[in-house]
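Given next are the chains, with one letter for each unit.
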Amino acid sequence: MHLAAVTGGVALLVAMASLGCAHTQSPERQVYVISEDASGVGSNAGSGTGGAGAEAYCNELEKQCFQKCWRRKPKVPSIPKGSDQHHEYCTTQCLQVFMQCIKEQEELERQESRKEALRFPTMDAALGWLREHKTEVVIGTVVIVGAVVAAPYAVVIMGGALVLAPL
């Protein structure tokens, strides 16, 4: 009877040990380097480039608007082409273009912020995709690896390097 109890206990321990290794391991909670150089990050993140990127984009649209307006005779017949009034007319028209652009960029940013996190089955898949799409990644993007919502990562810059860090 004593031998049966010991054998049953050993069998139980072996079964418990093997069950402990059967589940999927969650990724280690460490910082992963995506790229040693963070330059160009987010440069192709879409038309809602955010912050200074949105302003630079809209400034360029305003500049193009002004050049186009200045080359043409104003739609208002009483304004002579090339005059101070023509300059003021183009400035006013293109300021409206700039303001509309900024408003649209802000709306695009709000829509982007509502997007769900990037999800990957493994850390290798996440790192590979992020390295390939560095210019499309926005700093602060939340990354979920292996469906572990309780342990998300974020794309950040540390010491000039682009990294994936646990939140």
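Residues numbered from 1 in each chain as written. Predicted model: local features only at pLDDT ≥ 70, side-chain atom pairs only at ≥ 80, totals over all residues. Heavy atoms only, no water.

A grouping of Lys-68, Arg-71, Arg-72 and Lys-75 is seen on the molecular surface, where their side chains present a positively charged patch. Mapping Arg-71 onto the fold places it in helix 2 (residues 51–71). For Arg-71, a relative accessible area of 56% puts it in the exposed group. (Patch = residues over 30% accessible without salt bridge, like charges linked within 9 Å, V, L, I, M, F, W, Y side chains within 5 Å. Areas by Shrake-Rupley, 256 points an atom, 1.4 Å probe, with all protein chains shown as cover. Salt bridge = Lys/Arg side-chain N within 4 Å of Asp/Glu carboxyl O. Lys, Arg positive; Asp, Glu negative; His and termini not counted. Charge placed at Lys NZ, Arg CZ, Asp CG, Glu CD. Helix = DSSP H or I, 4+ residues; strand = E, 2+ residues; numbered from the N terminus. Buried < 20%, exposed > 50% of the residue type's maximum accessible area, 1.4 Å probe, protein only.)

Right, let's talk about the packing of aromatic side chains for a bit. Within this structure, the stated rule accounts for three aromatic pairs. When the ring of Phe-66 is compared with that of Trp-70, the centres are 6.0 Å apart and the planes differ by 10°; the resulting orientation is stacked. Linking Phe-66 with Trp-70, this pair stays in helix 2, spanning four residues, or about one helical turn. For Phe-66, a relative accessible area of 22% puts it in the partly exposed group. (Phe/Tyr/Trp six-rings, centres within 6.5 Å; stacked < 30°, edge-to-face > 60°.)

As a further point, take helix 4 (residues 123–132). By the burial criterion, the buried members of helix 4 are Met-123, Ala-126, Leu-127 and Leu-130. An end-on view of helix 4 places all buried positions within 95° of arc, on one side of the element. What points out from helix 4, more than 90 degrees from its buried face, is the exposed set Asp-124 and Glu-132. Along its buried surface, helix 4 packs onto strand 1 (32–35), strand 2 (118–120), strand 3 (142–145), strand 4 (153–158) and strand 5 (161–166). (Arc of directions from axis to C-beta. Contact = heavy atoms within 4.5 Å.)

The subject of this paragraph is the confidence of the model for the protein chain. In regions of low pLDDT, the predicted coordinates are not meant to be interpreted in detail. Model confidence for the protein chain is summarised by a mean pLDDT of 76, while 71% of its residues fall at 70 or above. Mean pLDDT across the secondary structure elements of the protein chain bottoms out at helix 1 (residues 2–22), with 43, and peaks at helix 3 (residues 84–113), with 88. Contacts for the low-pLDDT stretch residues 1–23, under 50 throughout, to residues beyond four places or in other chains number one contact. (pLDDT = per-residue confidence, 0-100.)

Moving on, we come to the environment of Val-155. Mapped onto the fold, Val-155 is located in strand 4. The buried category is assigned to Val-155, whose relative accessible area is 0%. As for Val-155 and Leu-130, which are separated by 25 residues in sequence, their C-alpha atoms are 9.0 Å apart. Apart from residues no more than four positions distant in its own chain, Val-155 is found in contact with Ile-34, Leu-130, Val-137, Val-138, Ile-139, Gly-140, Thr-141, Val-143, Leu-162, Val-163 and Leu-164.

Turning to the nonpolar core, a few remarks are in order. Ile-34, Met-123, Leu-130, Val-143, Tyr-153, Val-155 and Leu-164 are the most contacted members of the largest nonpolar core, which has 16 residues in total. Breaking this core down by element, the ones donating at least two residues are strand 1, helix 4, strand 3, strand 4 and strand 5. In terms of residue count, helix 4 provides more of this core than any other element does, four residues in total. (Core = buried A, V, L, I, M, F, W, Y, C linked by side-chain atoms within 4.5 Å.)

Moving on, we get to the pairing of strand 3. Where strand 2 lies against strand 3, three bridges are found, and the strand directions are parallel. By the bridge assignment for strand 3, Arg-119 is matched with Ile-144. (Pairing = 2+ DSSP bridges.)

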